[in-house]
Amino acid sequence: MGRIPRSQPVAPEPLFMVGAVSQYLGAAVAVHLFDEIAPAGVALVRVLGAAAMIILLRRSWQRRWKASDLAWASAFGMALAAMNLSIYLSIDELPLGNAVAIEFTGPILVAAVGTRTLRSGAALLLTAAGVVVLAGVEAEGTTRGVMFALLAGMFWAGYIVLGHRVARGPAAVDGLGLGMLAGAAAISGFGAPKLGPALDSPLVLLLALVTGLLSNVIPYWIDQLVMRRITQHRFALLQALLPATAVLVGLAVLLQVPSARELFGIALVIAAILLNRTVKGPGGTAAGMGLRAQ
């Protein structure tokens, strides 16, 4: 009898897209929850729930932790939680695709600072132009939404720098879970007072936990798998799909139809990501494009 062929693993690109769609479906669920729980409350449940899922699945309490690993993981998780909180405050005011595109200011800035080349400078200018176009979309709350998206981008920059350190350390995924637990504690002052409706309704609480599964656990775990199998150059190219994916999910789930001006602004940011795809940051890493965020 012939040998039974081994099943082939899923190619990295489709796997990445599963994570991207999951991430923004989670964001769409969060937007629907904003009528029941304030964005800060949803962000807290998302981060805390995702931390609990990873810690339980990984049995992270069985690992021997060094003080330095705990410190790095905690700082990483605080940046991640602050980023999640900021982007939720942004998408409460802006269409999902717009907020995600503006948020890319953070990683592209990290890459530009890390390399200081003409190419990275051009990418930063393209991003700035995209933000200006998107910020000019007239709607109530646009200014607040843009500011929160830019703040999320700055926390994304911190997430990238700290995340590379944690991902390459001995803790890896366990560091992600523990870090999110520390991050949940850091933003609890913003989110805890908003949790009344979630505690009163099991369905609302369940949906808030679903955002943690869809937006944190699934995409971040997939990133760990994908980054082990492809080069940073290929991973950087895939990042350009994220703003477009956010637009499509916003259109399909939230019925957010982008205008021609908004599509132009988002296209500028995607062009900046593609231009920045080979930029190397400190230590030879692809500084702006190493990890998924939001």
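Residues numbered from 1 in each chain as written. Predicted model: local features only at pLDDT ≥ 70, side-chain atom pairs only at ≥ 80, totals over all residues. Heavy atoms only, no water.

Draft legend 1. Inspection of the overall build of the chain at higher detail. Secondary structure summary: the chain contains 13 helices and zero strands in total. Each helix (α) and strand (β) of the chain, taken in turn from the N terminus, gives the series α-α-α-α-α-α-α-α-α-α-α-α-α. A buried classification covers 52% of the 294 residues belonging to the chain. Across the chain, every contact between residues at least 6 apart in sequence was considered, and the portion connecting residues at least 24 apart equals 89%. (Helix = DSSP H or I, 4+ residues; strand = E, 2+ residues; numbered from the N terminus. Buried < 20%, exposed > 50% of the residue type's maximum accessible area, 1.4 Å probe, protein only. Contact = heavy atoms within 4.5 Å.)

Draft legend 2. Fine view of helix α2 (residues 39-58). Between its first and last C-alpha, α2 extends 28 Å over 20 residues, near the 28 Å set by a 1.5 Å rise per residue. A positive phi of about 50 degrees marks arginine 59, the residue just after α2. (Expected span 1.5 Å × (residues − 1).)

Draft legend 3. Spatial organisation of helix α6 (residues 118-135). Helix length check: α6, at 18 residues, gives a terminal C-alpha distance of 25 Å against a target of 26 Å (1.5 Å per residue), a fit within 8%. For α6, the full list of buried residues reads Ser120, Ala123, Thr127, Gly130, Val131, Val133 and Leu134. Projected down its long axis, α6 carries its buried residues within an arc of 160 degrees, all on one side. Turned more than 90 degrees off the buried face of α6, the exposed positions are Leu118, Leu125 and Val132. (Arc of directions from axis to C-beta.)

Draft legend 4. How the structure looks around the pattern of salt bridges. Using the criterion set out here, one finds one salt bridge in the structure. In this structure, glutamate 93 and arginine 144 form a salt bridge, with 3.2 Å as the shortest nitrogen-oxygen distance. You can see glutamate 93 sitting in the loop between α3 (67-91) and α4 (96-103) and its partner arginine 144 sitting in helix α7 (residues 142-167), a full 51 residues away along the chain. Exposure remark for arginine 144: the relative accessible area of 45% places this residue in the partly exposed category. (Salt bridge = Lys/Arg side-chain N within 4 Å of Asp/Glu carboxyl O.)

Draft legend 5. The environment of leucine 254, seen in detail. Counting through the fold element by element, leucine 254 comes out in helix α12 (residues 241-254). For leucine 254, a relative accessible area of 15% puts it in the buried group. If near-sequence neighbours (up to four positions away) are discounted, leucine 254 is found in contact with Ala28, Val31, His32 and Val249.

Draft legend 6. Representation of the packing of aromatic side chains in the model. The final tally for this structure, using the stated rule, is four aromatic pairs. Seen from their ring centres, phenylalanine 34 and tyrosine 88 are 5.7 Å apart, and the 70 degrees between their planes marks the pair as edge-to-face. A residue pair is termed long-range when its members are at least 10 positions apart, and phenylalanine 34 in the loop between α1 (12-33) and α2 and tyrosine 88 in helix α3 qualify at 54 residues. The pair phenylalanine 34 / tyrosine 88 is uniform in exposure class, with both members buried. (Phe/Tyr/Trp six-rings, centres within 6.5 Å; stacked < 30°, edge-to-face > 60°.)

Draft legend 7. Up close: the nonpolar core. Formed by 74 residues in total, the largest nonpolar core has its most connected members in Leu80, Tyr88, Ile91, Leu96, Tyr159 and Met180. Leaving out residues up to four positions away in the same chain, tyrosine 88 has contacts with Gly26, Ala30, Phe34, Pro39, Val42, Ala43, Arg46, Thr211 and Ser215. (Core = buried A, V, L, I, M, F, W, Y, C linked by side-chain atoms within 4.5 Å.)

Draft legend 8. Representation of the packing of α3 against helix α10 (residues 202-227). Here α3 crosses α10 at 130 degrees, and the two axes come no closer than 14 Å. Classed by the angle they form, the pair α3 and α10 counts as oblique. Classified by chirality, the crossing of α10 by α3 is right-handed. Contact with α3, carried on its side by Leu80, Met83, Asn84 and Tyr88, involves Thr211, Ser215, Asn216 and Tyr220 of α10 and no other residues of that element. (Axes fitted to C-alpha atoms, helices over the stretch in contact; angles between N-to-C directions. Parallel < 35°, antiparallel > 145°, perpendicular 65-115°, else oblique. Left-handed = near helix turned anticlockwise from the far one by under 90°.)

Draft legend 9. Up close: the side chain of arginine 46. Along the chain, the position of arginine 46 falls in helix α2. This buried residue, arginine 46, is left without a salt bridge; glutamate 103 holds the nearest opposite charge, at 8.0 Å. A distance of 3.2 Å separates polar atoms of two side chains, one belonging to arginine 46 and the other to tyrosine 88. Of note is the side chain of arginine 46, whose polar atom sits 2.5 Å from the side chain of asparagine 216. (Lys, Arg positive; Asp, Glu negative; His and termini not counted. Polar contact = N/O pair within 3.5 Å; in protein donor to acceptor, adjacent residues only side chain to side chain.)

Draft legend 10. Quick look at unusual backbone geometry. Phi angles above zero are rare outside glycine, and leucine 255 is one such case at about 60 degrees. Mapped onto the elements of the fold, leucine 255 is located in the loop between α12 and α13 (260-275). Of the residues examined, leucine 255 reaches a relative accessible area of 68% and is grouped as exposed.

Draft legend 11. Layout of the packing of α2 against helix α8 (residues 173-191). It is the contact of α2 with α8, at a shortest axis distance of 8 Å, that shows an interaxial angle of 155 degrees. By the angle between their directions, the pair α2 and α8 is classed as roughly antiparallel. In the packing of α2 onto α8, the handedness of the crossing is left-handed. When its residues are assigned to classes, the contact of α2 with α8 shows 17 nonpolar, five polar and two charged. (Nonpolar A, V, L, I, M, F, W, Y, C, P; charged D, E, K, R; others polar.)

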